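Chain and residue survey
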Amino acid sequence: MCGIVAAAARREVSEILLEGLRRLEYRGYDSAGMALVDNEHNLQLHKQQGKVCELEKAQAMRPLLGCTGIAHTRWATHGEPSAVNAHPHISGQRLALVHNGIIENHAALREQLIAQGYEFTSATDTEVVVHLLHSFLLQGNPLLAAMQETVCLLEGAYALAVVDIEHPDEVVAARKGSPLVVGVGIGENFLASDQLALRQVTDRFIFLEEGDVVQISPSSLQIFDESGNPVERARTMISAAVEVADLGGFDHYMLKEIHEQPRALAATFAQSAALPAADDCFGAGAAAVFDRVRAVQIVACGTSFHAGMVARYWLEELAGIPCQVEVASEFRYRKRVTRPDTLLVTISQSGETADTLAALRNAGADEFIASLVISNVDNSSLVRDSDLVFLTRAGMEIGVASTKAFTTQLVGLLLLTLALGRRGAMTEQKQQEVMVALQGLPDYVQQTLELDSAIERLSGAFIPRHHALFLGRGIQYPIAMEGALKLKEISYIHAEAYPAGELKHGPLALVDDDMPVVAVAPSDDLLEKLKSNLEEVRSRGGELYVFADRQAGFVSEARVHVLPMPHCPEVIKPIVYTVALQLLSYHVALQKGTDVDKPRNLAKSVTVE
Ligand code: G6P
């Protein structure tokens, strides 16, 4: 994780760097720092524990000046969050370096550097890189060559950017396994972990390739590939119609994003109708690939993994396609047996999650017939590396806890189910039913949003609790998992989800009057089974919070609180019920006073293992 911004300009860059960091804070926010080379070629440095606003305060108290600089917002991997461990790291009073990623051989390198006389001040893996660079500079290498020598010795993942007082107009950078983009200006050039950080200064970008090393100055920009050969990389114009990251009258981005769902879902679904053929929204060549698909393997992390879990029910029940779902961090290291003609589907809001990207890149040459990514970010690494792409139209998601990205992923997955089902088990009538349900989805979500006050009233009971259990059956089980994840992410209440039928095999022992039990209980084929499980909870003194439509027949009574959900078509129930659980977590977190948009210890884009 971590966010990098760098600038080589003919004007003061501190404000550009700070604005870039504010836009990158979703990548980590436990400490931040900035180094500038001033007009007298001195290195100026600020490092602060805490969010980027702490760095802003330091800059307001003691302004740093300079036209060349690097900046960083951190999500700690090696070394606790502190000012000392914050980046940039310094060597020889001349070099400052920022890093996103993990240097896996840092311990061995550290020993060698200590033997050479280098003193380490931090507990980070990053500090070895700056001292290594320094040692290559001392051998007489220019900054660029020193970087090329250094990266040859690094194992792991990195995006790096460095400034040197002996090369005061330059920033040199490198990437492998972590994203880095060049922002091309007029008489100035920039670098960042994400083009969003630079939209304030340019609309022209170069997405660097694995192993690239780049040197920027105000007037020049040179890229070298992994073998050291100069290369030209394509320039991409990204429209100036920048999405403005403002709260739009809401108290938090998460709440705003929850409320944006009707529009985001409609926009995501509309893609399937806007193109000449239904499969076109998955990219050129999708139809030919889908004709051959006999099985699907889904790989993802976090909330996106839950979307995959839901899709398994749709793909198997509606399309008759065997489907496996696995978290990327396990999938990538496992010896696997893959069925013939399997399509690899990765799901990632950011398109940059390290484990998911590695799962795609490590897939055997002939293991899958093709790869498809469902992502919210065009030009992201997963989008660029996949054969087929479905872009969700959620718009920028800033809250760390994913909401509208998840529900729009589900729309993409339902469209994939239709695409594969059309070729096999799905009748015309069923296809039509699903299309009608998708058309009506934004309305059902809107009706759910209108339950906000009722959900807020329910949420009060969770505030003093330390644990909560979420139950669901069938396709609602992954929705219970997503509800539990949301609650723990933002309210820090320990929450677990169980398929309700498993309750008696262990978790029932936890049930007492201190354990709220949330049930995702729409009227469906498994409702009666679920009701029996909930009776088991009640008879042991558990307190139930039941999200159910009127047809499910639940009645509020002592220790049973029913939240009346809209009655909607079966196939979209997972999406509609998710929205209610998002609001529940939001209100619990709000009343607990946690940082809803930036929960502790987490980051939105996880670009390390
Ligand atoms: C982080 C975020 C989660 C997200 C997960 C996967 O943990 O905090 O909200 O679900 O990464 O991210 P991706 O971008 O791959 O969907």
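In what follows, the accompanying structure is described. (Residues numbered from 1 in each chain as written. Predicted model: local features only at pLDDT ≥ 70, side-chain atom pairs only at ≥ 80, totals over all residues. Heavy atoms only, no water.)

Attention now goes to the side chain of D549. Relative to the assigned elements, D549 resides in strand 24 (residues 543–549). At 3.2 Å, the side chain of D549 and the side chain of H567 are in polar contact. Sequence-distant contacts of D549, defined by excluding residues within four places in its chain, comprise A521, P522, S523, M565, P566, H567, K573 and Y577. (Helix = DSSP H or I, 4+ residues; strand = E, 2+ residues; numbered from the N terminus. Polar contact = N/O pair within 3.5 Å; in protein donor to acceptor, adjacent residues only side chain to side chain. Contact = heavy atoms within 4.5 Å.)

Once that is clear, we can look at empty space enclosed by the protein. Leftover empty space is mapped by rolling, across the atoms, a probe with the size of a water molecule. All told, the structure shown has two cavities of 30 Å³ or more when counted by the stated rule. One number sums up the size of the largest cavity: a volume of about 70 Å³. C2, R74, T77, H87 and D125 are, among the 14 residues lining the largest cavity, the residues nearest its centre. Here the residues of the lining of the largest cavity sort into five nonpolar, seven polar and two charged. (1 Å grid on protein atoms, 1.4 Å probe; cavity = no way out; pocket = protein on both sides within 12 Å on 5 of 7 lines; lining within 4 Å. Points joined across faces, edges and corners; volume = space filled by probe spheres on them. Nonpolar A, V, L, I, M, F, W, Y, C, P; charged D, E, K, R; others polar.)

All right, on to unusual backbone geometry then. Omega for the peptide link from H87 to P88 comes to 0°, which places this bond in the cis form. If you trace the backbone, P88 turns up in the loop between strand 4 (68–74) and strand 5 (89–91). Unlike most non-glycine residues, H41 shows phi in positive territory, near 65°. Mapped onto the fold, H41 is located in the loop between strand 2 (31–37) and strand 3 (43–49).

Lining the immediate surroundings of the ligand are 14 residues, of which S304, S348, Q349, S350 and T353 lie closest. Side-chain polar atom of T353 to an oxygen atom of the ligand: 2.4 Å apart, as the coordinates give it. With respect to the ligand, the backbone of A603 contributes an N or O atom lying 3.0 Å from an oxygen atom. A total of 390 Å² of accessible area belongs to the ligand in isolation, and the protein chains cover 90% of it. Using a 2 Å cut-off from the grid points, one finds that the ligand occupies the second largest pocket. Tallied by class, residues from the shell around the ligand come to four nonpolar, eight polar and two charged. (Near = heavy atom within 4 Å. Areas by Shrake-Rupley, 256 points an atom, 1.4 Å probe, with all protein chains shown as cover. Sits in = over half its atoms within 2 Å of the grid points.)

Where helix 16 (residues 476–491) contacts helix 18 (residues 573–592), the two axes come as close as 9 Å, and the packing angle between them is 20°. Our classification of the angle between helix 16 and helix 18 gives roughly parallel. As for how helix 16 packs across helix 18, the hand of that crossing is right-handed. Residues Q476, I479, E482, G483, K486, L487, I490 and S491 of helix 16 form the contact with helix 18, whose own contacting residues are K573, P574, Y577, T578, L581, S585, Y586, V588, A589 and K592. (Axes fitted to C-alpha atoms, helices over the stretch in contact; angles between N-to-C directions. Parallel < 35°, antiparallel > 145°, perpendicular 65-115°, else oblique. Left-handed = near helix turned anticlockwise from the far one by under 90°.)

Here we take up the sheet that holds strand 9 (residues 181–184). Strand order in the open sheet made by the eight strands is 3-2-4-1-10-9-11-15, with antiparallel pairing throughout. In this open sheet, the two strands that pair with only one neighbour each are strand 3 and strand 15 (236–237). Looking at chain direction, strand 11 (residues 204–207) and strand 15 are connected through two bridges and run antiparallel. Bridged to R204 within strand 15 is M237. This element, helix 1 (residues 14–24), spans strand 1 (3–8), strand 2, strand 4 and strand 10 (189–192) of the sheet and lies at about 160° to strand 1. Strands in contact with helix 2 (residues 52–61) are strand 2, strand 3 and strand 4; relative to strand 3, the strand with the most contacts, it is inclined by about 135°. (Pairing = 2+ DSSP bridges.)

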